[in-house]
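As a plain string of letters, each chain reads:
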Amino acid sequence: GEDVEQSLFLSVREGDSSVINCTYTDSSSTYLYWYKQEPGAGLQLLTYIFSNMDMKQDQRLTVLLNKKDKHLSLRIADTQTGDSAIYFCAAGAGNMLTFGGGTRLMVKP
Amino acid sequence: DVKVTQSSRYLVKRTGEKVFLECVQDMDHENMFWYRQDPGLGLRLIYFSYDVKMKEKGDIPEGYSVSREKKERFSLILESASTNQTSMYLCASSADREQGETQYFGPGTRLLVL
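As a starting point, this report considers the structure included with it. On a predicted model such as this, the values are computed, not experimentally measured, just so you know. (Residues numbered from 1 in each chain as written. Chains lettered and ligands numbered in written order. Predicted model: local features only at pLDDT ≥ 70, side-chain atom pairs only at ≥ 80, totals over all residues. Heavy atoms only, no water.)

## Quick notes on the overall build of chain A
Inference 1: The secondary structure content of chain A amounts to zero helices and 11 strands.
Inference 2: Secondary structure elements of chain A, listed N to C terminal, follow the sequence β-β-β-β-β-β-β-β-β-β-β.
Inference 3: A compact globule built from 109 residues would reach a C-alpha radius of gyration of about 13 Å, and chain A, at 13 Å, matches this within 12%.
Inference 4: Taking the principal axes of its C-alpha atoms as reference, chain A extends roughly 40 × 25 × 20 Å.
Inference 5: Scored against the burial criterion, the 109 residues of chain A give a buried share of 43%.
Inference 6: Within chain A, counting contacts between residues at least 6 apart in sequence, those at least 24 apart form 54% of the total.
Inference 7: By element, 49% of the accessible surface of chain A is carried by carbon and sulfur atoms, the whole surface being about 5,200 Å². (Helix = DSSP H or I, 4+ residues; strand = E, 2+ residues; numbered from the N terminus. Rg over C-alpha atoms; globule rule 2.2 N^0.38 Å. Buried < 20%, exposed > 50% of the residue type's maximum accessible area, 1.4 Å probe, protein only. Contact = heavy atoms within 4.5 Å. Areas by Shrake-Rupley, 256 points an atom, 1.4 Å probe, with all protein chains shown as cover.)

Next comes the structure, spelled out in structure tokens:
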């Protein structure tokens, strides 16, 4: 089955860019998602990309997909303290999603 | 606006108790999901339902059952709670599309089993 991997932790300074990386194993995944989880809350959909795209930009968020290497990244420009959260990558085909373990982003003032 | 609600934010139960976790969505979604979230393990799928009264086992169904009597409501049942079921439980729903659809999540229920 699908396996999705992320690093556990990332720390940046306020105003810097953050890049969170994710790898997946199933090349038939049709959708790739980024979710954000703030402390004590559920998962909030941030953005998603279709597997036939290689980039998607949405305000401060840029998603890059390298389908050949099965590598997905989320770049947050001008990172703010309010961006501190756990970010989950998920790969999907049909109605099923496989989630990575989450990357905890710490933004230092 | 998309809305998935869960009946409790926090629950404390004793070993052996029967526990009901309720999830309601108001988007007329066909699919509903129950996950548990544990540190370092990400989200693991317990059960999902693709229609009323229909259910499928996910990756870790042991010790759990589910009920979907109405389209908007999906219940997770712990028949006899154990300490290893202490976790954060997340419910999600999605519409039925040929190529899949985004899952929308509730706020989660943090369950502690003593």
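## A few points about the packing of aromatic side chains
Inference 1: Under the definition given, this model contains 14 aromatic pairs over all chains.
Inference 2: Seen in terms of ring centroids, Tyr31 of chain A and Tyr48 of chain A are 6.3 Å apart; in terms of plane orientation they differ by 35°. Their pairing is tilted. Here Tyr31 of chain A is found in strand S4 (residues 31-37), whereas its partner Tyr48 of chain A is found in strand S5 (residues 43-50), with 17 residues between them in sequence.
Inference 3: Following the ring pairs from residue to residue traces out a cluster consisting of Tyr31, Tyr33, Tyr35, Tyr48, Phe50 and Phe99 of chain A together with Phe33, Tyr35, Phe48 and Phe105 of chain B. (Phe/Tyr/Trp six-rings, centres within 6.5 Å; stacked < 30°, edge-to-face > 60°.)

## Quick word on the interface of chain B and chain A
Inference 1: On the chain A side, the residues contacting the 23 residues of chain B number 19 residues.
Inference 2: For the interface between chain B and chain A, the tally reads zero salt bridges.
Inference 3: Counting across the interface, chain B meets chain A through three residue pairs in polar contact (both at pLDDT 80 or more).
Inference 4: For the side of chain B that touches chain A, the class distribution of residues is 11 nonpolar, nine polar and three charged. (Salt bridge = Lys/Arg side-chain N within 4 Å of Asp/Glu carboxyl O. Polar contact = N/O pair within 3.5 Å; in protein donor to acceptor, adjacent residues only side chain to side chain. Nonpolar A, V, L, I, M, F, W, Y, C, P; charged D, E, K, R; others polar.)

## Here's the deal with the state of the cysteines
Residue and element names in this part refer to chain A.
Inference 1: In total, this model carries two disulfides over all chains according to the counting rule given.
Inference 2: Each sulfur in the disulfide pair Cys22 and Cys89 lies 1.9 Å from the other. Sign of the S-S torsion, about -60° for the bond between Cys22 and Cys89, identifies this disulfide as left-handed. Here Cys22, found in strand S3 (residues 18-24), pairs with Cys89, found in strand S9 (residues 85-93); they are 67 residues apart in sequence, far enough to count as distant. The same class applies to Cys22 as to Cys89, namely buried. (Disulfide = S-S within 2.5 Å.)

## Some thoughts on the environment of Gln85 of chain B
Residue and element names in this part refer to chain B.
Inference 1: Relative to the elements of secondary structure, Gln85 occurs in the loop between strand S8 (73-78) and strand S9 (87-94).
Inference 2: Assessed through its relative accessible area of 4%, Gln85 is described here as buried.
Inference 3: Each C-alpha atom of the pair Gln85 and Arg36 lies 9.0 Å from the other, and the pair is 49 residues apart in sequence.
Inference 4: The residues touching Gln85, leaving out its near neighbours within four places in the chain, are Arg36, Gly63, Tyr64, Leu78, Ser80, Leu111 and Val113.

## Structural notes on the environment of Gln44 of chain A
Residue and element names in this part refer to chain A.
Inference 1: By secondary structure assignment, the location of Gln44 is in strand S5.
Inference 2: The spatial distance from the C-alpha of Gln44 to the C-alpha of Trp34 is 8.7 Å, given a sequence separation of 10 residues.
Inference 3: Here Gln44 is in contact with Trp34, Tyr35 and Lys36, once residues within four sequence places are set aside.

## Here's the deal with the pairing of S4 of chain A
Residues and elements named next belong to chain A.
Inference 1: Burial within S4 is extensive, with seven of its seven residues counted as buried.
Inference 2: Residues Tyr31, Tyr33, Tyr35 and Gln37 point to one face of S4 and Leu32, Trp34 and Lys36 to the other, with burial holding for every one of them.
Inference 3: In terms of strand pairing, S4 meets S5 through seven bridges, oriented antiparallel. Note that in S5 the partner of Tyr35 across the bridge is Leu45.
Inference 4: In sequence, S4 turns back onto S5 through a hairpin of five residues, with Gly40 there showing a positive phi of about 75°. (Pairing = 2+ DSSP bridges.)

## Considering the sheet that holds strand S7 (residues 65-70) of chain B
All names here are of chain B.
Inference 1: Strand order in the open sheet made by the four strands is S1-S3-S8-S7, with antiparallel pairing throughout. Looking at which strands have only one partner, the edges of the open sheet turn out to be strand S1 (4-6) and S7. Shown here is a sheet whose adjacent strand axes are inclined to one another by a mean of 20°, direction ignored.
Inference 2: Strand direction decides the pairing type here: S1 and strand S3 (residues 19-25), joined by three bridges, are antiparallel. (Axes fitted to C-alpha atoms, helices over the stretch in contact; angles between N-to-C directions.)

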